[in-house]
Amino acid sequence: MVDSKSKIDIRKLTLEQLRSQLASLGEQAFRAKQIHEWLWKKSCTDFDHMSNLSKPLRDLLKQTFVINAARVRQAQYSADRTIKSSFVLYDGNIVEGVLIPAPDRMTACVSSQVGCSLTCKFCATGYMDRKRNLNADEIYDQVVLIGKQAQEHYGQPLTNIVYMGMGEPLLNYANVLASVQRITAADGLNMAAKRITVSTAGIAKMIKKLGDDQVRFNLALSLHAANDQKRNEIMPINEQNSLGALAEALKYYYAKTKNPVTYEYIVFNGFNDDPADARELAAFCKHLPCKVNIIEYNPIAFADFENAPEDKIDRFAALLRQKGIVTNIRRSRGKDIDAACGQLAIKETASPAV
């Protein structure tokens, strides 16, 4: 019996590496493409289900390789049809993801880290320790599993993916980009890159790297304040990534990609919600083509922030629109199951790996 820890994680191999591994086992090279298709196009997580492979080959694969698939541990259903899932990973760690149904789209919100190393004061995940980065296949698995929920419950496929769950995607750069590659590849899930949005709290050097890599997906910046003093107070990352540094990085990114940027802005009652704040935000928006999504705040147990009243949010948005800024107000979904923006936090203990 081969110990599973000594087996090769097959989804970490490129197609060429898989060919080499199979050759070393005395198998024909063309089998690699068949296996690769099972893994990434058909999202197969069990060698026994690879029906066009012989049983001896499937047995050999089971002896040599492992598929470290994520699985749904628990699903919660909101009155507004949102579904939040906790996913258990191969090592017992847990992350959360959300299916957000709407009349014109089905959106999967996925996590990129177990916990988060940033300490944004308004976000539940920010009060957790970061345990590790997710592998590319673990991000891919969330998309596949949430996609199955969309089909099973609503009879519709996923249309959009947002990297807005637990963790800071740009602090897991290589795995996030690798997951996007598998999701968008013709021999993967074949989703359009423009249907994917990666959200960052703002890491200037990594935003520039996105530009250098000429990514095709959308970029969103969690801004929430357009002056450094206020942003430092709620997002300590701003102390090393000031608004000036972020503006420079975003202009560089836009020059390389020609992709507009979305700014996410939570209007906190009595903190960043007056006309002066709107004027500062409008001024920051002049750096490059962009739009603003105003997001309703979802209270958490660890923080004392409150959502601004609806009429104040409407006035704030109107001021931005008067300045020529494309502005949308996003109402929260899944609040009754702690699935809304900023509410993801694991309340259950991770189980030992099995």
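Each remark here, short or long, concerns the structure printed above.
Since the model is a prediction, treat every value here as computed from it, not as a measurement.

Reading guide: rules and limits
- Residues numbered from 1 in each chain as written.
- Predicted model: local features only at pLDDT ≥ 70, side-chain atom pairs only at ≥ 80, totals over all residues.
- Heavy atoms only, no water.
- Salt bridge = Lys/Arg side-chain N within 4 Å of Asp/Glu carboxyl O.
- Buried < 20%, exposed > 50% of the residue type's maximum accessible area, 1.4 Å probe, protein only.
- Helix = DSSP H or I, 4+ residues; strand = E, 2+ residues; numbered from the N terminus.
- Arc of directions from axis to C-beta.
- Contact = heavy atoms within 4.5 Å.

### With respect to the pattern of salt bridges
Opposite charge on two side chains allows them to pair when their charged atoms are near.
So, step 1. Here the structure, examined in full by the defined rule, presents 17 salt bridges.
So, step 2. Two residues, Glu37 and Lys42, come together in a salt bridge whose shortest N-O distance is 3.8 Å.
So, step 3. The exposure class assigned to Glu37 is partly exposed, which follows from its relative accessible area of 35%.
So, step 4. Each member of the salt-bridge network shares a partner with another, and the members are Asp48, Lys55, Asp59 and Lys62.

### A closer look at helix H3 (residues 55-64)
So, step 1. Turning to H3, its buried residues are Leu57, Arg58, Leu60, Leu61 and Thr64. Each buried residue of H3 sits inside an arc of 160° when the element is viewed along its axis, so together they form one side. Looking at H3, the residues exposed on the side facing more than 90 degrees away from the buried face are Lys55 and Pro56.
So, step 2. Each element contacted by the buried residues of H3 is listed here: strand E1 (8-9), helix H1 (15-24), helix H2 (30-40) and strand E2 (65-66).

### Quick word on helix H6 (residues 204-212)
So, step 1. Burial in H6 covers these residues: Ala204, Met206, Ile207, Leu210 and Gly211.
So, step 2. Taken from the residues just after H6, Gln214 is the one with a positive phi, measuring 50°.

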